[in-house]
Amino acid sequence: MRRTAPKAVACGVVLAAMPMLAQAAGTALAPPAVYAPDTWQGKNTAVVRVLDRLDAHVEVLSVPVGTTAHYKSLDITPSRCLQRPPTLSPDAAAWLALQDKHPNGATFQGWMLAAEPALGVFESPVYDVRMVRCEGADTEPMLPPLPKPVAPAAPPTSGSDTAPAPTGDNSSSNHAGNPDIPDAIPDKQETGGVY
C-alpha cells in the first residue's frame, strides 16, 4: 500500500499559500539607500605604503593630515584624505606632497587614489609610494544623511487570479482557442525532438 498522504498535505499547503505568494510577489520594495558616486568622506589620517627599491623594504605609514612624515630621505605630507562611503565601491584619495631629499631627488604634488594607483605616480628611482586608505576621525567634507528611498508604485491589480485574455485578432489561426497548439511555428526544427 502506497502512502500519499504526506505529498497530498504538502501540495495542499503550497496551494493554500499561493494567494499569499502572489501578493508578496506583487509588493513593490524600495531600492537600497546609496550615496551618489561623487560623495566622499574626509578623514584625518592618510595611510601610505612606501617601497625602498634599494633594499626592497616596504613600510606602511599612517600620516596625520597637515603633518610631515619622514622615511629615510623621503618627506610625505598629506593635505587632504578622502574615502568613499560604505555604500559605494571602496576607494581612498589623498592630496600628497612628496619630496626625495637625495641630490636631484624626485618631487610630487597631487592626488593619489588607492583604487587607481597609475593616476598619480611618484617618479623616483629610489622610492615607490602608494596610497592605501584613509582612517581616523571624520573631517570635512561630511557625508550627508542618506535619502529615504521610496518604493515604486505597484501596478493595479484586478482582484482576479486569472490571466488576462489575449488581445488581438486570432481569426487567422485555425486553432484559436486550443491552448495546446502554439500560434507561432518555430523557424528552425530542433534536433532530437518529435513533432
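Because the structure is predicted, anything quoted here is derived from the model rather than measured.

Caption draft 1: Focus on the overall build of the protein chain. In terms of regular secondary structure, the protein chain is built from one helix and seven strands. What you see in the protein chain, going N to C, is helices and strands ordered as α-β-β-β-β-β-β-β. When contacts within the protein chain are restricted to residue pairs at least 6 apart in sequence, those whose partners lie at least 24 apart make up 55%. With an accessible surface of roughly 14100 Å², the protein chain has 59% of that area assigned to carbon and sulfur atoms.

Caption draft 2: View of the nonpolar core. Core analysis: the biggest nonpolar cluster contains 23 residues, and Val50, Ile76, Phe122 and Met131 have the highest contact counts within it. Elements with a contribution of two residues or more to this core: β1 (41-52), β2 (57-64), β3 (69-71), β4 (74-83), β5 (92-100), β6 (107-113) and β7 (127-139). In this view, isoleucine 76 contacts Val48, Val50, Leu61, Val63, Thr67, Thr68, Ala69, Leu96, Ala97 and Leu98; residues no more than four positions away in its chain are not counted.

Caption draft 3: Up close: the environment of valine 34. Within the secondary structure, valine 34 is located in the loop between α1 (5-26) and β1. For valine 34 and proline 86, which are 52 residues apart along the polypeptide, the C-alpha to C-alpha distance reads 8.9 Å. Non-local contacts of valine 34, meaning those with residues more than four positions away in its chain, are made with Thr87, Leu88 and Leu146.

Caption draft 4: Spotlight on the side chain of aspartate 52. Looking at the secondary structure, you find aspartate 52 in strand β1. Judged by its relative accessible area of 4%, aspartate 52 is buried. Within polar-contact distance, the side chain of aspartate 52 engages the backbone nitrogen of leucine 54 at 3.0 Å. In this structure, aspartate 52 is in contact with His57, Tyr71, Lys72, Val126 and Tyr127, ignoring residues within four places of it in sequence.

Caption draft 5: Structural context of the packing of aromatic side chains. Per the stated rule, a full pass over the model turns up two aromatic pairs. With 6.2 Å between their ring centres and 70° between their planes, tyrosine 71 and tyrosine 127 make a pair best called edge-to-face. Of this pair, tyrosine 71 sits in strand β3 while tyrosine 127 sits in strand β7; the two residues are 56 residues apart in sequence, bridging distant segments of the chain. A residue is classified by how much of its surface remains accessible, and tyrosine 71, at 6% relative accessible area, is buried. With a centroid separation of 5.6 Å and 80° between ring planes, the pair formed by tryptophan 95 and tryptophan 111 is classed as edge-to-face. Separated by 16 residues along the polypeptide, tryptophan 95 in strand β5 and tryptophan 111 in strand β6 bring together distant segments of the chain.

Rules used throughout
- Residues numbered from 1 in each chain as written.
- Predicted model: local features only at pLDDT ≥ 70, side-chain atom pairs only at ≥ 80, totals over all residues.
- Heavy atoms only, no water.
- Helix = DSSP H or I, 4+ residues; strand = E, 2+ residues; numbered from the N terminus.
- Contact = heavy atoms within 4.5 Å.
- Areas by Shrake-Rupley, 256 points an atom, 1.4 Å probe, with all protein chains shown as cover.
- Core = buried A, V, L, I, M, F, W, Y, C linked by side-chain atoms within 4.5 Å.
- Buried < 20%, exposed > 50% of the residue type's maximum accessible area, 1.4 Å probe, protein only.
- Polar contact = N/O pair within 3.5 Å; in protein donor to acceptor, adjacent residues only side chain to side chain.
- Phe/Tyr/Trp six-rings, centres within 6.5 Å; stacked < 30°, edge-to-face > 60°.

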